[in-house]
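# Breakdown of the fold
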Amino acid sequence: MHFAFFSYHSFARGSQETIRVAIYKGAAVRVGGDGVAIKGVIGSDKVSTLSNANIEAKAGRDGIVVNGTLYSSLKIESKESGIKVNGKRYRGKIEIVMDKSSLLLTNELNLEDYLVGLINQEISSKWPMEAVKAQAVVARTYALYQKKNRKYPTYDLESTVTSQVYGGMDSEDELARQAVKETEGEAAYYNGEMIQALYHSSCGGKTEDALEVWGKEIPYLKSIKDPHCTEAPNYFWQYKIDLNGLRDRLRRFNSGIGNIESVSILKRSGSGRVTRISIRHSKGSFVLDGKDFREALGYENIRSTDFTLKVKEDSVYLAGSGGGHGVGMCQWGAKGMAEEGKSYKDILKWYYPGITIRRD
């Protein structure tokens, strides 16, 4: 994460698109800041202004509890230095509601400001500017697509790797704002329709076909050879886990698993990524999808499904390449292309063949 103090430059008057981002889920949260106005909704229509600009809200049995008072929701705004949520600053508005037994905080803000707070969470704004601009366009397209095809009733995106990683005001800097400003409003389209702008850290030499990951044919998300990401820190990786540890990790997919006797790769995709794995154990055997195997062992340990494995004595040794699902734009590949002098539009059209980039 990069922290910087900088002057704030607003976006064009016509840039009024907003986005709603789920930034926190939990039992309690501290919210406040200078110039913050907090309004609590009691029941369905009664609104109360809280006199204290710094509060702690807790999830109660029947709603949100602040200083002993029960609210159905809290609405927070700031016209000054942003709203602090557990010490992190956010632009725009914050709403707190109950989500089952937890608090759910949603940040509603201008889409372009959201992108500035995202850049340094997904890549580094210090990368070549054309790569940063490519990231801005991809992230904008992804956000707009998710907003249009909303999965969640009260927000458009999450602020984690589930959607796109977003860090609020403390992740902003001038370089990120420049990249967003220079591509303001631009998104990627295929045959007139906004694309699913999927992306990942490093492809390890070849991107993946969407068909192999999600079982759906998408013409602009095809597997392509990519020589541009060889400098990625996760281009090669290794991981070791003992058989008992592997058994424990796999119990979420097979609660009756016994002592593991063998692990073998059954099938790979066209790009070489593992799609099926066989697990033999003392009580039987079962087959697991490659993506489920990766999830079970942890995304930080198994960086991608492009790996080999061998069982030696009481451990499994894995060696792989790349990071992420491999579909769409390779972030480290975009950096490599920018270093070769390619423009952000060249980069996007390389990773998403057949697209057009336009500003609506």
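Quick note: structure is the one above.
Description of the structure in this document. (Residues numbered from 1 in each chain as written. Predicted model: local features only at pLDDT ≥ 70, side-chain atom pairs only at ≥ 80, totals over all residues. Heavy atoms only, no water.)

This part covers the overall build of the protein chain. Within the protein chain, the secondary structure is distributed over 8 helices and 24 strands. Taking 21 Å as the expected radius of gyration for a compact globule of 360 residues, we find that the protein chain reaches 23 Å, a close match to that expectation. Reported as C-alpha extents along the three principal axes, the dimensions of the protein chain are approximately 65 × 50 × 35 Å. Looking at the 360 residues of the protein chain, the share that counts as buried comes to 52%. Contacts spanning at least 24 positions in sequence make up 67% of the contacts within the protein chain whose residues lie at least 6 apart. If you sum the accessible surface of the protein chain, you get close to 17,200 Å²; carbon and sulfur atoms cover 46% of it. Of the side chains in the protein chain, 51 bear a positive and 44 a negative charge, and the two mean positions are spaced by 3 Å. (Helix = DSSP H or I, 4+ residues; strand = E, 2+ residues; numbered from the N terminus. Rg over C-alpha atoms; globule rule 2.2 N^0.38 Å. Buried < 20%, exposed > 50% of the residue type's maximum accessible area, 1.4 Å probe, protein only. Contact = heavy atoms within 4.5 Å. Areas by Shrake-Rupley, 256 points an atom, 1.4 Å probe, with all protein chains shown as cover. Lys, Arg positive; Asp, Glu negative; His and termini not counted. Charge placed at Lys NZ, Arg CZ, Asp CG, Glu CD.)

Attention now moves to the pairing of strand β5 (residues 55-59). With 4 bridges connecting them, strand β2 (residues 28-32) and β5 associate as antiparallel partners. Residue pairing in the sheet places arginine 30 in a bridge with glutamate 56 of β5. Summarising the sheet, β5 and strand β6 (residues 64-66) pair through 2 bridges and their orientation is antiparallel. Within the sheet, the bridge partner assigned to alanine 59 lies in β6 and is isoleucine 64. With antiparallel pairing between neighbouring strands as the criterion, β5 and β6 make up a hairpin whose turn holds 4 residues, including glycine 63 at a positive phi of roughly 155°. (Pairing = 2+ DSSP bridges.)

Once that is clear, we can look at empty space enclosed by the protein. Per the counting criterion, the structure on display carries 1 cavity of 30 Å³ or more. Reported here for the largest cavity is a volume of approximately 30 Å³. Broken down by element, the residue count for the lining of the largest cavity peaks at 3 residues, all from helix α2 (residues 129-148). Tallied by class, residues from the lining of the largest cavity come to 8 nonpolar, 1 polar and no charged. (1 Å grid on protein atoms, 1.4 Å probe; cavity = no way out; pocket = protein on both sides within 12 Å on 5 of 7 lines; lining within 4 Å. Points joined across faces, edges and corners; volume = space filled by probe spheres on them. Nonpolar A, V, L, I, M, F, W, Y, C, P; charged D, E, K, R; others polar.)

Bringing the packing of aromatic side chains into the picture now. Applying the stated criterion across every chain, the model contains 9 aromatic pairs. Ring geometry for tyrosine 90 against tyrosine 166: centres 5.9 Å apart, planes inclined by 55°, an arrangement best described as tilted. Here the residue tyrosine 90 occupies a position in strand β10 (residues 88-90), and tyrosine 166 occupies one in the loop between β13 (157-158) and α3 (174-182), the gap between them amounting to 76 residues. Ring-pair connections join several aromatic residues into one group, and the members of that group are Tyr90, Tyr114 and Tyr166. Taking the ring centre of tyrosine 189 as reference, the NZ or CZ of arginine 358 above it sits at 3.7 Å. (Phe/Tyr/Trp six-rings, centres within 6.5 Å; stacked < 30°, edge-to-face > 60°. Lys NZ or Arg CZ within 6 Å of the ring centre and 35° of its normal.)

Glancing now at the layout of surface pockets. The gaps left among the atoms become clear once a water-sized probe is rolled over them. For the largest pocket, the calculated volume is near 1,700 Å³. For the largest pocket, the lining is made up of 48 residues, of which Val161, Tyr199, Arg294, Gly324 and His325 are closest to its centre. At the level of secondary structure, the elements contributing two or more residues to the lining of the largest pocket comprise α1 (111-122), α2, β16 (199-200), α4 (210-214), β19 (274-281), α6 (290-297) and α7 (331-339). Among the elements that line the lining of the largest pocket, the one with the most residues is α6, at 5 residues. Of the residues in the lining of the largest pocket, the class split is 17 nonpolar, 16 polar and 15 charged.

Before going further, it helps to examine the environment of isoleucine 302. When you line up the elements, isoleucine 302 lands in the loop between α6 and β21 (307-312). Separated by 11 residues in the primary sequence, isoleucine 302 and lysine 291 place their C-alpha atoms 9.8 Å from one another. Beyond its immediate chain neighbours, meaning those up to four positions away, isoleucine 302 contacts Trp237, Tyr239, Arg294, Leu297, Phe307 and Leu318.

Glancing now at the sheet that holds strand β9 (residues 83-85). The 6 strands lie next to each other as β7-β6-β5-β2-β9-β10, forming an open sheet whose pairing is antiparallel. A strand with exactly one partner marks an edge of an open sheet, and here the two such strands are β7 (69-71) and β10. Mean inter-strand twist for the sheet, computed between neighbouring axes without regard to direction, equals 30°. (Axes fitted to C-alpha atoms, helices over the stretch in contact; angles between N-to-C directions.)

The next subject is the sheet that holds strand β8 (residues 73-78). Ordered by their spatial adjacency, 7 strands build an open sheet running β4-β3-β8-β11-β12-β1-β13, and the pairing between neighbours is mixed. Among the strands making up the open sheet, the edge pair consists of β4 (46-50) and β13. In the packing of α1 onto the sheet, the strands contacted are β1 (18-26), β12 (102-110) and β13, and the crossing angle to β12 comes to about 110°.

Attention shifts here to the pairing of strand β18 (residues 260-268). In this sheet, β19 lies alongside β18 in antiparallel orientation, the contact comprising 7 bridges. Along β19, the bridge assignment pairs arginine 268 with valine 274. The antiparallel pairing of β18 with β19 creates a hairpin that spans 5 residues between the two strands, and glycine 272 there sits at a positive phi of about 95°.

Attention now moves to α7. α7 sits mainly inside the fold: 7 of its 9 residues count as buried. Along α7, the residues that are buried comprise Gln331, Gly333, Ala334, Lys335, Gly336, Met337 and Ala338. Looking at the buried residues of α7, the elements they touch are α1, α2, β16, β23 (329-330) and α8 (344-351). In the stretch just after α7, glycine 341 is the one whose phi turns positive, near 100°.

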